[in-house]
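# Coordinate inspection notes
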Amino acid sequence: MDTSIWRPILYLIGFMAFAGVNAAWLGWAERKGAAHIQRRNGPKEVGPFGLWQPLADGIKLMTKQLLIPSGTDDILFRIAPILAMIPALTSMVVIPFSGNIQARPIDLSVLLIFALASIGMFAILLGGWASGNKYAVISAARVVSQSIAYEIPMLITVITIVMITGSMSLQDIAMSQQGGFWHWNIFRLEGGHFIYMWVGFLIYFICSVAETNRAPFDMAEAESELVAGYMTEYGSMGFGLFMMGEYLNIVVGACMTTILFLGGWGSPFGFMPGIWWFLIKIYILIFAIIWIRWTYPRTQIYKLLNLSWKILIPFSLVNLLVTAAFIKVF
Amino acid sequence: MSEYWNDIFGGTKSLLVGLGITAREFFKPVVTEQYPWEVPVMMPRFRGHIELVKNGETGRPNCIVCGMCMRNCPSGCITLTGKKPEGEKKKVLTKYELDFTKCSLCGSCIEGCNFNAIQFSKDYNLASTRKEDYIFDLLKRLEEQS
Amino acid sequence: MTAPIICREDEVFVLNLGPQHPATHGVLRVKLTMDGEYVVKAEPVLGYIHRMHEKMAEDRTFAQFMPNTARMDYLHALAYNHGYVLAVERAAGIEVPERAEYIRVITVELNRLTSHLLWWSAFLLDLGGFSPLLYAFDDREQILDLLERVTGSRLTYCYFRFGGVYNDIDDDFITGTRNFIKRLRSRLPRFYHDLVTKNIILIKRLKDIGFVSKEQCRKYGATGPLLRGSGVQFDVRKNEPYSVYPEFDFDIPVYEEGDSMARYMVRMDEIEQSMRIIEQALDKLPDGPVRAKVPKILKPAAGDYYAAVEAARGSFGCRLVCNGGKSPYRLKLRSPTFSNLSLFGEVAEGMLLADALAFMGSLDLVIPEIDR
Ligand code: SF4
Ligand code: SF4
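Residues numbered from 1 in each chain as written. Chains lettered and ligands numbered in written order. Predicted model: local features only at pLDDT ≥ 70, side-chain atom pairs only at ≥ 80, totals over all residues. Heavy atoms only, no water.

### Some remarks on helix α12 (residues 336–348) of chain C
All names here are of chain C. Between its first and last C-alpha atoms α12 spans 19 Å; for 13 residues at 1.5 Å apiece the expected length is 18 Å, and the two agree. Counting buried positions over the 13 residues of α12 gives 10, a clear majority of the element. Restricting attention to buried positions, one finds in α12 the residues Pro336, Thr337, Ser339, Asn340, Leu341, Leu343, Phe344, Gly345, Val347 and Ala348. Positive backbone phi, approximately 85°, marks glycine 350, located one or two places after α12. (Helix = DSSP H or I, 4+ residues; strand = E, 2+ residues; numbered from the N terminus. Expected span 1.5 Å × (residues − 1). Buried < 20%, exposed > 50% of the residue type's maximum accessible area, 1.4 Å probe, protein only.)

Put into structure tokens, the structure is as follows:
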């Protein structure tokens, strides 16, 4: 591997740019998507199709005063939004965008990503707690119980994948699915462990939506109940960072789903694998997440926990056991 | 137990149906009116603030300063004065002021007027940051219109 | 989900919901004593938008009070117009021409549709669903255009007059209304039922949540869909018929369950029934004048008069005490949501915050009407 000083710097700039562009324009994409689902136009005044809207929003957010309400825990209040961004950004380090575009191939990259995802939850917890606002505290408490409930089925499903591949490196997992969609984990036909893997995919996808606090699982910012949840007291760029963190988490979640189930950068027909396939897949997933958000009403915290404990966890456990049995038998 | 499976399968189906509906809507044209670029046409009976009606023959307002509109208004928005010029029988309107900040656009004034002297205008895009801008001098408005 | 509350005195806290809160749709304030996410005690605080409508009636003439009626329940303004003109007509002994009665019924029912559509969309917004709001507004906007065509305004109508209505409806309105009903009928199953009513998330959130019993309804004087969702068949249009309602064939939807889903279904069924009434009224619409000759200044004989109508949220009553003067001696307005809201404190006890707010949404509150 090339160990010159340029490689990390190039990747740093590249990933920062990728993350920044995504965080900003996914907001635009979401507004536009929501608007068209609701038969409106959405942003359209700033630039062609309102494409420069994120810049305008960014300027507006940055020029606003960062207000720190009295009675808040000053330091935590400032740290929380930054903490919302960092784990998502760091996760980019180990994500293989294609066979050779990956900043650091780490053997335990799966583990690293999930560890970082849990830290992201702390940002919300801290932000909510430090705000000293009752709505924010309720929201923080909800986030924790939700995250715990959804990380379990998510990790169980990931273990299934790890068992099939026999590796915890994202690079290896993606590599093992190369060459046509029939090799992808979701449709995997060879090797005996087959057919029901789409159940695992669904479980994983639902969990990743819940992990990123997106509707219909947006218990944390349920605006009709908790005003804006943990973000209630945030304004200007503090709010902006939380929003960007949320979108980055979605991007990371979509990347993970793509690598674990949809063959990473592999092309569905077996030729021309490359980064474009990867990007196409993650944006389709992101669009699906936006689409889901603007279709359903919000669930309620107990229903959400019920879904996790009564449906997702049993199913993922059965999935794990059956897969293990198949691996043993064949 | 059957309820459990029902929830899972029936529920998933209902969710998919929902996704189908929003997906179809996504590709349909927008239905909203792009306001500043597209100006709505007001219905003939639209109630804007009131305005004076001009007499087609004389070119002067129809109003004979009877004061019925003023008395009929529930909120006291209308103030008017008139005087009898030398040598004429009828009073002539000298000032007709509408305090639009209080007006509820109910139309009592118009119904009270027996001389077809006031009507609803079709102005709707009124905006201002100052209260004084909503004290309309309708007589002046009538002059400006002609 | 109502769990037994094991609450420790020192662990409860007070959550001040409102007067500015996205779920209260107006300036309602609810003082919630919470134990974690459970509501221990809920206490609605009213009066933020009190405008003394009843007192205002006492120093203006009967006709001058008309615009006020539209500003109480601004979502079903025409029913309030109707209740008030009915009371005054009873007091002054005014006969209303038949055509005017039909027009009244048509416009009131159209207005009821707008009210229910808006409730539906706002309720979904409370539950976190955004797109249904826009779909319902698309339909609602069509009705508003129709009503604007005849009444001249879009929200706070002042269209009824003593002895009739302000002006006649035209053929455009009639064909427009028929087309609209066709349109809503075709959209109801897809956009309302497939997308929302059958949605598992919605069902899970509404079923068995916010149970209101018949006794509670009776105790607090609840009316409207709330009462009908608790299994009591009471609708002023049927029970104490007024105007030309007896001439139409329509049903009163009643659900026995008493939960939020029942109230939801009552309203969805009422949309259908309102459309039936409008269609029949359009078919039977007689010719004739739309306004009886009525003296400009009314001076009803001294006495005590009462009229009630079925508004979208329950029965609106108007008690008029006259002393022979130009203005009412006393006007008492009974607004349905005031009684419906009084239930909230008792029913919300022990609920989760999210459920309590969903329950509040299912009550269909219009705050200016509560405070008057
Ligand atoms: S419309 Fe009503 S409130 Fe306005 S000036 Fe005329 S009578 Fe007064
Ligand atoms: S009622 Fe008519 S004629 Fe009389 S003062 Fe008013 S506008 Fe003039």
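### Some remarks on the site of ligand 1
Residue and element names in this part refer to chain B. Near ligand 1 you find Cys73, Pro74, Cys77, Ile78, Leu98, Cys103, Ser104, Leu105, Cys106, Gly107, Ser108 and Cys109, and these make up its full shell. At a threshold of 2 Å from the grid points, most atoms of ligand 1 map onto the second largest cavity. Here the shell around ligand 1 is built from residues that sort into 9 nonpolar, 3 polar and no charged. (Near = heavy atom within 4 Å. 1 Å grid on protein atoms, 1.4 Å probe; cavity = no way out; pocket = protein on both sides within 12 Å on 5 of 7 lines; lining within 4 Å. Sits in = over half its atoms within 2 Å of the grid points. Nonpolar A, V, L, I, M, F, W, Y, C, P; charged D, E, K, R; others polar.)

### Digging into the nonpolar core
Membership of the largest hydrophobic core comes to 185 residues, with the highest contact counts inside it found for B:Tyr96 and C:Tyr264. Counting residues per element, this core draws most heavily on helix α4 (residues 98–126) of chain C, at 12 residues. Residues contacting C:Tyr264, with those up to four places away along its chain left out, are C:Trp119, C:Trp120, C:Phe123, C:Tyr192, C:Val196, C:Thr197, C:Leu202 and C:Leu206. Grouped together as the second largest cluster of nonpolar side chains are 33 residues, C:Ala42, C:Leu357, C:Leu363 and C:Leu365 included. (Core = buried A, V, L, I, M, F, W, Y, C linked by side-chain atoms within 4.5 Å. Contact = heavy atoms within 4.5 Å.)

### A few points about the site of ligand 2
Taken together, the neighbourhood of ligand 2 is formed by B:Cys63, B:Ile64, B:Val65, B:Cys66, B:Gly67, B:Met68, B:Cys69, B:Leu80, B:Cys113, B:Phe115, B:Ala117 and B:Ile118. When grouped by side-chain class, the residues that make up the shell around ligand 2 number 11 nonpolar, 1 polar and no charged.

### Digging into the pattern of salt bridges
Close approach of charged atoms lets side chains of opposite charge pair. Taken as a whole and assessed by the stated rule, the structure comprises 44 salt bridges over all chains. Close ionic contact of A:Arg142 with C:Glu37 constitutes a salt bridge, the shortest N to O distance being 2.5 Å. Of this pair, A:Arg142 sits in helix α5 (residues 134–165) while C:Glu37 is found in the loop between β2 (29–35) and β3 (38–45), placing the two residues in two different chains. Pair check on accessibility: A:Arg142 and C:Glu37 agree, each one buried. Note that C:Arg291 is salt-bridged to B:Glu111, the shortest N-O span being 2.8 Å. Within this pair, whereas C:Arg291 is found in the loop between α11 (260–284) and β6 (303–311), its partner B:Glu111 is found in helix α3 (residues 108–112), the two belonging to separate chains. Beyond isolated ion pairs, a larger network of salt bridges with shared partners links C:Glu109, C:Arg112, C:Arg228, C:Asp235, C:Arg237, C:Glu270 and C:Glu310. (Salt bridge = Lys/Arg side-chain N within 4 Å of Asp/Glu carboxyl O.)

### A look at the domain arrangement of chain B
Taken domain by domain, chain B comprises domain 1 (1–31) and domain 2 (50–145). Its C-alpha centre places domain 1 of chain B at a distance of 57 Å from the equivalent point of domain 2 of chain B. (Domains from an automatic or database assignment.)

### Considering the environment of C:Asn167
In this fold, C:Asn167 is placed in the loop between β5 (164–165) and α6 (171–197). When the C-alpha atoms of C:Asn167 and C:Arg291 are compared, they prove to be 8.0 Å apart, with 124 residues separating the residues in sequence. Once you skip the residues sitting within four places of it in the chain, C:Asn167 turns out to touch B:Arg45, C:Val150, C:Tyr159 and C:Val290.

### Quick notes on the packing of aromatic side chains
Ring pairs (aromatic) are described by centroid distance and by the angle formed between their planes. Applying the stated criterion across every chain yields a total of 29 aromatic pairs over all chains. Where B:Phe100 meets B:Phe136, the ring centres are 5.6 Å apart and the plane angle is 35°; that geometry is what we call tilted. Here B:Phe100, found in the loop between β3 (92–99) and α3, pairs with B:Phe136, found in strand β5 (residues 135–137); they are 36 residues apart in sequence, far enough to count as distant. A relative accessible area of 17% places B:Phe100 in the buried class. Given a relative accessible area of 15%, B:Phe136 falls into the buried group. Taken together, the aromatic side chains of A:Phe77, A:Tyr230, A:Tyr234 and A:Phe242 make up a single cluster linked through ring pairs. The ring of C:Phe160 carries C:Arg104 above its face, with NZ or CZ at 5.3 Å from the centroid. (Phe/Tyr/Trp six-rings, centres within 6.5 Å; stacked < 30°, edge-to-face > 60°. Lys NZ or Arg CZ within 6 Å of the ring centre and 35° of its normal.)

### With respect to the interface of chain C and chain B
Counting from both sides, the interface comprises 28 residues of chain C and, opposite them, 27 residues of chain B. Contact between chain C and chain B buries roughly 2500 Å² in total, counting both sides, with carbon and sulfur atoms accounting for 50%. Interface area lost by chain C to chain B is led by C:Gln64, C:Arg190 and C:Lys296, which between them contribute 20%. Taken together, the links from chain C to chain B amount to 2 salt bridges. Linking chain C with chain B are 15 residue pairs in polar contact (both at pLDDT 80 or more). Where the side of chain C that touches chain B is concerned, the elements lending two or more residues are α5 (131–151), α6 and α7 (200–206) of chain C. Looking at the side of chain C that touches chain B, the element that brings in the most residues is α5(C), giving 7 residues. The residue makeup of the side of chain C that touches chain B, split by class, is 9 nonpolar, 5 polar and 14 charged. (Buried area = accessible area lost by both parts, 1.4 Å probe. Polar contact = N/O pair within 3.5 Å; in protein donor to acceptor, adjacent residues only side chain to side chain.)

### Some details on unusual backbone geometry
Residue and element names in this part refer to chain B. One non-glycine residue, valine 65, lies in the positive phi region at around 60°. Note that valine 65 resides in the loop between β1 (50–52) and α2 (68–72). Given a relative accessible area of 11%, valine 65 falls into the buried group.

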